[in-house]
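A look at the structure
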Amino acid sequence: SREMTRISQAVLKQFGAVGMQLCGNEQFLQTSKMLGKGMEGVVYLGFELSTGNCVAVKKMDASKGNLDKMERVVALLEKTEHPSIVKLHCVERGK
């Protein structure tokens, strides 16, 4: 929609786009705006392109020996639906 395009352009102008990601049938735009950083990775502001909804894009480093833990967290989030827990849209393994 025109409104979504206007909002997307304003956000991109403020934060800058890092990249576009296709995961399943959904496309996400990741910005350079870091929302948080922890032991398991870094979380960036992103947008689901079909709806314009804000999403959190979490980048985790599997090389730190935490692959088993990451897989357990993903498995749990895939089964969880609760208003206080962030919805997992997709998982993409990096290169």
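Residues numbered from 1 in each chain as written. Predicted model: local features only at pLDDT ≥ 70, side-chain atom pairs only at ≥ 80, totals over all residues. Heavy atoms only, no water.

What the chain contains, in helices and strands, is 2 helices and 4 strands. Along the chain, helices (α) and strands (β) appear in the sequence α-β-β-β-β-α when read from the amino end. Residue burial in the chain is summarised as follows: out of 95 residues, 18% are buried. Residue pairs at least 24 apart in sequence account for 21% of intrachain contacts in the chain once pairs closer than 6 positions are excluded. About 7,400 Å² of surface is accessible on the chain, with carbon and sulfur atoms providing 55% of the total. (Helix = DSSP H or I, 4+ residues; strand = E, 2+ residues; numbered from the N terminus. Buried < 20%, exposed > 50% of the residue type's maximum accessible area, 1.4 Å probe, protein only. Contact = heavy atoms within 4.5 Å. Areas by Shrake-Rupley, 256 points an atom, 1.4 Å probe, with all protein chains shown as cover.)

The subject of this paragraph is the side chain of Glu-48. Among the structural elements, Glu-48 can be located in strand β3 (residues 41-48). Among buried Asp, Glu, Lys and Arg side chains, Glu-48 stands out as unpaired, with Lys-87 the closest opposite charge at 6.8 Å. When neighbours within four sequence positions are excluded, Glu-48 is seen to be in contact with Glu-26, Gln-27, Phe-28, Asn-53, Val-55 and His-89. (Lys, Arg positive; Asp, Glu negative; His and termini not counted. Salt bridge = Lys/Arg side-chain N within 4 Å of Asp/Glu carboxyl O.)

Counting buried positions along β3 gives 6 out of 8 residues, so the element sits mostly inside the fold. Two elements, strand β2 (residues 26-38) and β3, share 7 bridges in a ladder whose sense is antiparallel. From the neighbouring strand, Gln-30 faces β3, where its bridge partner is Gly-46. Between β2 and β3, which pair antiparallel and follow one another directly, the connecting turn spans 2 residues. Both β3 and strand β4 (residues 54-59) contribute to a ladder of 6 bridges, which runs antiparallel. (Pairing = 2+ DSSP bridges.)

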